[in-house]
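An overview of the molecular structure
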Amino acid sequence: MTSHKRWGLFFFLAPVVLWLFVMIVLPHIDLLVMSFRFENDEGQMQWSLNNYLAFFEEPIYWLTFVRTAIYSILVTFLTFVIALPLAFYITKVVNPKYQGFLLVLLLLPFWVSELVRVYGWMILLRESGVINHFLLKAGILRQPIEMLYRDSTMILGLVYTSMLFMVVPIVSVLDSLDNSLIEAAYDLGANMWTILFKIIIPHASPGIMSGSIVVFMLTLGNYLTPNLMGGKNSLWFTEQIYNQFIASFNWNQGSAFGFLLLVLSSIVVWLGLKLTRQNLKKVVQ
Amino acid sequence: MIRTLPTSKTYNRCFKLYVVLYFIFLFAPLLVTCILAFNDSQFPSLPWKGFTLEWFTANLPERVGIFHDQINLDSIWVSFRVAFFVTLLSLVVGTCAAFLFEQEAFRFKQGLYFLMLAPLVIPGVILGISILLFSNTLGTHFEESWNIDVELFRPGFWLVVLGQFSFIATLVTLVVSARLRKFDRTLEEAALNLGANRLEVIWHITLKFLRPALIGAGAVAFLMSFENFNTTLFLVGYEATLPINLYLQVRDGSTPVINAISFLLIVGTSLLALLNLYFSRKDQS
């Protein structure tokens, strides 16, 4: 029996270990190693901190990094502000008859490729776009304006892309909020804001936190939306990584950038989990 | 406030307006993309010049519809093949991982479990570059040590498959694990007592029970692979997948053919999403 069990364990363990070590662990060790290698003037590879020093010495690099981080926080916050009333409406306000339908409607667009969604926004917003067309027709504008390639458009696109990951966890925590708590607070004379800050948000905080972690991480690592909606001015850190890898062919510098982004994203996830005293296992479920 | 409490008319109206506005925000880019696929104009923009199917069917010198656009058709075929192999590989390894973490006990289980979750918090871009680096390191090593040129280690079809598999397998593991947790293990014990061996039990009983989860996870895996951009961007060779190919076209200006492809994608994924939902509902009831 025990040898049988051993065999079964090995049968399941082998592919999983192979997957995790060959596709995840070793590549990331390689990433770390590459980021400490530097080509000196004689064209030889040597150990060095130069790639990281370059990051701190060139303002364009670290400014882009900080900018990406700050905008990712902003996007996360905006997504939360938009998602909370929506999740509340679906779970608590709307007639339960329509609840399922609204949820399906809410999820449907996110099955469609991000590229298609971003493309839709480009058609709407650009100079020859649909919104400009209507504004000109209505006489509100005399000249078409370019609405793409601005920071605000990029933020809009990023919020749009990540909405789902905020709405779904908040809907699921609000579902478990007992209505009688809100009713009791109301009967005792609490107003809307008190109820919001004393009951709804505290109860929903695990969902809010897991939504925020996912949204932040996805926004930080997004390439498509900043690149297409922000254009040349987007200055997103993933674009720096791409440029180092594909355009400059400086893989060592790119690895250092990649590792820095990975560290930032891991720290934020870790902090988020620590602050709410949750573990990763719970959040992903 | 909520359904059971009296609320003012203005409050209700404002809330409704908010939700309606949100849904307009959600669907506007997709609807506009779809509508402009049928506009008889050389550019995907208004004014409306009449209904046409030419962006799907035409094969004229100045207008080639998607059904005759060889480059785009090729990339759709590449994406289908990639998605097929990614789904297959992720289902096999993900199911092994689900069995491993739900039914087996071994040392370092907790550590391996967290490693399995890691791909969820690694940005796709980072996963792409580290796999690119590692495969390049392996390729160089093989060539220098044994003078063997391994096709697999160069950016191309199989590297894309492996790269996408590395994180999609995690999602499959989570979905299958959730179902496996509900499995009544006395059924297995009964079969074992009746003389079946472990493999027979898994094949005839447990996998049967898991079938809805496997179908659901397979559908999600297929779609995620089909639409993946971030990881694929760094691993793609001369065979571009559909998202990469579309990205290049959107970046360099666009024609209504992209709208036609988007239309097909939106319809296709919506159908798949609704089917998936229908089956998961049926499974629950």
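Everything quoted here is computed from the prediction, not taken from an experiment.

Cut-off values and rules
Per chain, residues are indexed from 1 in the order of the written sequence. Chain letters and ligand numbers both follow the written order, the letters beginning at A and the numbers at 1. Where totals are concerned, whole chains, interfaces and linings use all residues; where local detail is concerned, this predicted model gives features only for residues with pLDDT of at least 70, and gives and counts side-chain atom pairs only at 80 or more. Put simply, DSSP marks the helices as runs of H or I at least four residues long and the strands as runs of E at least two long, and each gets a number from the N terminus on. Every radius of gyration here is taken over C-alpha atoms, with the globule rule written as 2.2 Å times N^0.38, N being the number of residues. Residues with at least 20 neighbouring C-beta atoms inside 10 Å of their own are called buried, those with 12 or fewer are called exposed, and the rest are partly exposed, where every C-beta is derived from the backbone. Distance between backbone-placed C-beta atoms decides contact: two residues are in contact if it is within 7 Å. Whenever a helix is involved, its axis is fitted only over the stretch in contact; in every case the axis is a line through C-alpha atoms, and angles between N-to-C directions fall within 0 to 180 degrees. For classification, angles of less than 35 degrees are called roughly parallel, those exceeding 145 degrees roughly antiparallel, those between 65 and 115 degrees roughly perpendicular, and all remaining angles oblique. Here a crossing is taken to be left-handed if its near helix is turned anticlockwise relative to the far helix by less than a right angle, and right-handed if that turn runs clockwise. Residues are grouped as follows: nonpolar covers Ala, Val, Leu, Ile, Met, Phe, Trp, Tyr, Cys and Pro; charged covers Asp, Glu, Lys and Arg; every other residue, Gly included, is treated as polar. Expected span, for any helix, means 1.5 Å times one less than how many residues it has. Throughout, the bend at a residue refers to the angle made by two axes, fitted to the seven residues ending there and to the seven starting there. Joined through C-beta atoms within 7 Å, a set of buried Ala, Val, Leu, Ile, Met, Phe, Trp, Tyr and Cys residues constitutes a nonpolar core.

**A short note on the overall build of chain A**
What chain A contains, in helices and strands, is 13 helices and two strands. Whereas a compact globule of 285 residues would reach a radius of gyration of roughly 19 Å, chain A reaches 24 Å, over 25% beyond that. Based on the C-alpha atoms only, the size of chain A along its principal axes is roughly 80 × 75 × 35 Å. Each of the 285 residues in chain A was classed as buried or not, and the buried ones make up 41%. Contacts in chain A between residues far apart in sequence, at least 24 positions, make up 69% of those at least 6 positions apart.

**A short note on the overall build of chain B**
Secondary structure assignment for chain B yields eleven helices and zero strands. Listing each helix as α and each strand as β along chain B from the N terminus yields α-α-α-α-α-α-α-α-α-α-α. Taking 2.2 N^0.38 as the reference for a compact globule, 285 residues should give roughly 19 Å; the C-alpha atoms of chain B span a radius of gyration of 24 Å, well beyond that estimate. Expressed along its principal axes, the backbone C-alpha trace of chain B runs to roughly 75 × 70 × 30 Å. A buried classification covers 39% of the 285 residues belonging to chain B. Across chain B, the fraction of contacts at a sequence separation of at least 24, relative to all contacts at a separation of at least 6, is 72%.

**Topic: the packing of helix H11 (residues 237-247) of chain A against helix H12 (residues 251-275) of chain A**
All names here are of chain A. Their axes nearest at 7 Å, the elements H11 and H12 cross at an angle of 155°. On the basis of the axis angle, H11 is roughly antiparallel to H12. In this structure, the crossing between H11 and H12 has a hand that is left-handed. Contacts from Phe-237, Gln-240, Ile-241, Gln-244 and Phe-245 of H11 reach H12 at Trp-251, Gln-253, Gly-254, Phe-257, Gly-258 and Leu-261. Across the contact of H11 with H12, the residue classes tally to six nonpolar, five polar and no charged.

**Notes on the environment of A:Met217**
Tracing the sequence through the fold places A:Met217 in helix H9 (residues 192-220). Through-space distance from the C-alpha of A:Met217 to that of A:Leu264 is 9.3 Å; in sequence the pair is 47 residues apart. If we skip the residues at most four places from it in the chain, A:Met217 touches A:Ser265, A:Val269, B:Val121 and B:Pro123.

**Side note on unusual backbone geometry**
Phi is positive for A:Phe249, close to 60°, though the residue is something other than glycine. Relative to the assigned elements, A:Phe249 resides in the loop between H11 and H12. We note that B:Phe108 has phi near 65°; this positive angle belongs to a residue other than glycine. Overall, B:Phe108 belongs to the exposed group, with 8 C-beta atoms counted inside 10 Å.

**Description of the packing of helix H3 (residues 70-103) of chain B against helix H6 (residues 157-180) of chain B**
Residue and element names in this part refer to chain B. Relative to each other, H3 and H6 sit at 40°, their axes nearing to 6 Å. With respect to each other, H3 and H6 are oriented oblique. As for how H3 packs across H6, the hand of that crossing is right-handed. Residue classes in the contact of H3 with H6 are distributed as 18 nonpolar, six polar and one charged.

**A short note on the interface of chain A and chain B**
On the chain B side, the residues contacting the 69 residues of chain A number 74 residues. Broken down by element, the residue count for the side of chain A that touches chain B peaks at 17 residues, all from helix H1 (residues 2-35) of chain A. Classifying every residue of the side of chain A that touches chain B by side-chain character gives 48 nonpolar, 16 polar and five charged.

**A short note on helix H3 (residues 59-93) of chain A**
In a regular helix each residue adds 1.5 Å, so 35 residues correspond to 51 Å; H3(A) covers 50 Å between its end C-alpha atoms and thus fits that length. Considering bend angle alone, the principal kink of H3(A) is centred on A:Ala83 and spans about 25°; proline A:Pro85 follows within four residues of it.

**Observations regarding the nonpolar core**
Counting 140 residues, the largest nonpolar core has A:Ala87, A:Met122, A:Val167, A:Ile170 and B:Ile129 as its most contacted members. Sorting elements by how many residues they give to this core places H3(B) first, with 13 residues. Setting aside anything within four residues of it in sequence, one finds B:Ile129 in contact with A:Leu31, A:Ile241, A:Phe245, A:Gly254, A:Gly258 and B:Phe234.

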